[in-house]
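# A closer look at the structure
Okay, here's what each chain looks like letter by letter:
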Amino acid sequence: MTAGAAQAVCIEPATVLRGDVSVPGDKSISHRALLIGALAEGESEIRGFGGSADTLTTASALRTLGVTVEVDGERARVAGVGLHGLRVSSAPIDCGNAGTLMRLLAGILAGQPTAAQLTGDASLSRRPLERIAEPLRQMGATVKTTDGHAPMAIEGGALQPIRYVLPVASAQVKSCVLLAGLFATSGPTEVVEPLPTRDHTERLLRSSGARVAAGAGAVRIWPAGSLGPQSLDVPGDFSSAAPFLAATVLVPGSELRVHGVGVNPTRIGFIHVLERMGARISSFNRRVVAGEPVADLEITAGELTATSIEAAEVATLIDELPLFALVATRAHGTSTVSGAEELRVKESDRIETTTEAVRAVGGKISHTRDGFSVRGMSRRLRGGRVDARGDHRIAMVGALAGLASRGGVTVEGAHWVTVSYPGFFEAIESLRTT
Ligand code: S3P
């Protein structure tokens, strides 16, 4: 994304929001479906693909590696080249803004007997890479980071299985090691998690034929001879549904239904938190799609009460914590988040940028080293200007603050929403009833 494309969008206050919405396919699963599809033997078809700047970057990274990937709206096809068929060249592989791509692809490249270089945009180049470099080195790959960051050089080869205790609860690090484990000389490679994180990699690898076992806080994977292609429907992204849940509780009298949302238990902490605060959320049409639980969600606003989120819950709503801060501005009492230092290494330092955004619209928030504390108010937020600071989720916080405000909000850098949800602004505008 270039500075030249920067946009400011003004979001007017909403009286009430009503209606139905469907969200793009899950970003985490879409990345994984492309990457794992590329390693399969045969063509994978991905329906409900979440096309966004991030996932399209994964498609182009794979093309750089000699994989044919076609994306046509919500349908993607990947012509898998097998576990050993990637064509790694000396040209750097650009991971753009996508942390998931860089971390997962590194695990795959560690298993290739060639040297590769990974680069990213300014935001991705500030995010930590030693967390993946360290276990990959233990497995036998040569990994060089630039002071712990991108650009990163990986020289892969014969990998040893390891038992790796994750120092941080991170699905990206877990997935990186599991993908490398596919290429190990023997098995199992084991990843021990301090707390459960999203398990989409495990589910997809299993349905591609890999031997993966999970239990008692650890996941084990065995080397694979080959992977089978997928024909899958990607569920709606819970993290793209979450802004609509937040908007409903922020604009009194609102009622929304979000259809076909992935409700994997490792992702839906925000539902539990909103319910604890007093929102009414019902799920209908529960089904299993591509090995993932899916439902339609209906949410109705109610009086909100403050709540606290601690480390044990953080991974289940890591990407929703900026939204939580905004929701907490309208709850009775003081809400707190602790044990969430991971927020500092997301697309922006989300402890800092969330605090800045909530303050900019009149909310009362103060930050700590590992979280923040928000004092609720009975009246609507004042409104103002929110700078996305290069972060899609902060741009969304600004937009919702506009709906819930007295005076509207101008979101600077609104174009960043395209990282995960290109049609976001049109979708929220379609829900106004007046
Ligand atoms: C993701 C995992 C999370 C999340 C990110 C997507 C994934 O990061 O914040 O948006 O697809 O695995 P961590 O696993 O590093 O916490």
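To start, this report covers the structure provided alongside it. (Residues numbered from 1 in each chain as written. Predicted model: local features only at pLDDT ≥ 70, side-chain atom pairs only at ≥ 80, totals over all residues. Heavy atoms only, no water.)

The helix and strand inventory of the chain stands at 13 helices and 23 strands. Scaling as 2.2 N^0.38, a compact globule of 434 residues should have a C-alpha radius of gyration of about 22 Å, and the chain matches this with 21 Å. Expressed along its principal axes, the backbone C-alpha trace of the chain runs to roughly 60 × 45 × 40 Å. When the 434 residues of the chain are sorted by exposure, 59% land in the buried category. Counting only contacts in the chain whose residues sit at least 6 apart along the sequence, the fraction spanning at least 24 positions is 75%. (Helix = DSSP H or I, 4+ residues; strand = E, 2+ residues; numbered from the N terminus. Rg over C-alpha atoms; globule rule 2.2 N^0.38 Å. Buried < 20%, exposed > 50% of the residue type's maximum accessible area, 1.4 Å probe, protein only. Contact = heavy atoms within 4.5 Å.)

Turning our attention to the site of the ligand. Residues in contact with the ligand, as listed here, are Ser 28, Arg 32, Thr 100, Ser 170, Ala 171, Gln 172, Arg 198, Ile 318, Asp 319 and Lys 346. Between the ligand and the protein, one listed contact pairs an oxygen atom with a backbone N or O atom of Ala 171 at 2.7 Å. In the environment of the ligand, an oxygen atom lies 2.7 Å from a nitrogen or oxygen atom belonging to the side chain of Asp 319. In the complex, 95% of the free accessible area of the ligand, which totals 380 Å², lies under the protein chains. The set of elements that each furnish at least two residues to the shell around the ligand consists of α1 (27–39) and α5 (171–181). (Near = heavy atom within 4 Å. Polar contact = N/O pair within 3.5 Å; in protein donor to acceptor, adjacent residues only side chain to side chain. Areas by Shrake-Rupley, 256 points an atom, 1.4 Å probe, with all protein chains shown as cover.)

Attention shifts here to the packing of helix α8 (residues 269–277) against helix α10 (residues 321–328). With their axes 11 Å apart at the nearest point, α8 and α10 run at an angle of 10° to one another. Looking at the two axes, α8 sits roughly parallel to α10. Here Phe 270, Val 273, Leu 274 and Met 277 of α8 lie close against α10, whose contacting residues are Leu 323, Phe 324, Val 327 and Ala 328. Looking at the contact of α8 with α10, its residues break down into eight nonpolar, no polar and no charged. (Axes fitted to C-alpha atoms, helices over the stretch in contact; angles between N-to-C directions. Parallel < 35°, antiparallel > 145°, perpendicular 65-115°, else oblique. Nonpolar A, V, L, I, M, F, W, Y, C, P; charged D, E, K, R; others polar.)

So, on to the packing of aromatic side chains. Inspection of every chain in the model, using the stated rule, returns four aromatic pairs. Aromatic side chains Tyr 421 and Phe 424 sit 5.7 Å apart centroid to centroid with 70° between the ring planes, which places their arrangement in the edge-to-face category. You'll find Tyr 421 and Phe 424 in the same group, each marked buried. Above the ring of Trp 222, the side-chain terminus of Arg 211 is found at 3.7 Å from the ring centroid. (Phe/Tyr/Trp six-rings, centres within 6.5 Å; stacked < 30°, edge-to-face > 60°. Lys NZ or Arg CZ within 6 Å of the ring centre and 35° of its normal.)

A separate point is the pattern of salt bridges. Applying the stated criterion to the full structure yields 31 salt bridges. For Arg 47, the salt bridge is made with Asp 233, and the minimal N-O distance between the two is 3.1 Å. With a gap of 186 residues between them, Arg 47 in strand β3 (residues 41–47) and Asp 233 in strand β14 (residues 231–233) connect regions that are remote in the sequence. When the shortest N-O distance is used, the salt bridge between Arg 276 and Glu 313 registers 2.7 Å. Taken together, the positions of Arg 276 in helix α8 and Glu 313 in helix α9 (residues 311–314) put the pair 37 residues apart, joining distant regions of the chain. The exposure class assigned to Glu 313 is buried, which follows from its relative accessible area of 17%. A cluster of three or more residues bridged by salt bridges with shared partners is formed by Glu 43, Glu 45, Arg 47, Arg 75, Arg 77 and Asp 233. (Salt bridge = Lys/Arg side-chain N within 4 Å of Asp/Glu carboxyl O.)

Counting 78 residues, the largest nonpolar core has Phe 244, Phe 270 and Leu 321 as its most contacted members. Per-element accounting of this core gives the leading share, nine residues, to helix α7 (residues 238–250). Contact partners of Leu 321, with chain neighbours within four places excluded, come to Ile 309, Val 314, Val 337, Ala 340, Leu 343 and Phe 372. In this structure, Ala 40, Val 78, Leu 86 and Ile 132 belong to the second largest nonpolar core, which totals 68 residues. (Core = buried A, V, L, I, M, F, W, Y, C linked by side-chain atoms within 4.5 Å.)

Residue position: Lys 27 is located in helix α1. A relative accessible area of 10% means that Lys 27 is categorised as buried. Not counting chain neighbours up to four residues away, the residues in contact with Lys 27 comprise Ser 52, Asp 54, Thr 55, Asp 237, His 392, Arg 393, Val 419 and Ser 420.

This part covers the pairing of strand β15 (residues 255–262). As judged from the five bridges shared by strand β2 (residues 18–22) and β15, these two strands associate in the parallel manner. Bridging from a neighbouring strand, Val 21 pairs with Val 258 of β15. As paired strands, β15 and strand β17 (residues 292–300) are joined by six bridges and run antiparallel to one another. The residue of β17 that forms the bridge with Arg 257 is Glu 298. (Pairing = 2+ DSSP bridges.)

Moving on, we come to the packing of helix α3 (residues 99–109) against helix α4 (residues 130–139). It is at 10 Å that the axes of α3 and α4 come closest, and there the two elements cross at 10°. If you check the angle between α3 and α4, you find them roughly parallel. From α3, Met 102, Arg 103, Ala 106 and Gly 107 reach across to α4, where they touch Arg 131, Ile 132 and Leu 136.

On to the sheet that holds strand β4 (residues 68–72). The four strands lie next to each other as β4-β5-β3-β14, forming an open sheet whose pairing is mixed. On the outer flanks of this sheet lie β4 and β14, each paired with one strand and no other. Within the sheet, the average angular offset between the axes of one strand and its neighbour, ignoring direction, is 15°. When β3 meets strand β5 (residues 75–81), the two strands line up antiparallel, connected through seven bridges. By the bridge assignment for β5, Glu 43 is matched with Ala 79. Where α1 meets the sheet, its contacts fall on β3, β4, β5 and β14, and the angle it forms with β5 comes to roughly 30°.

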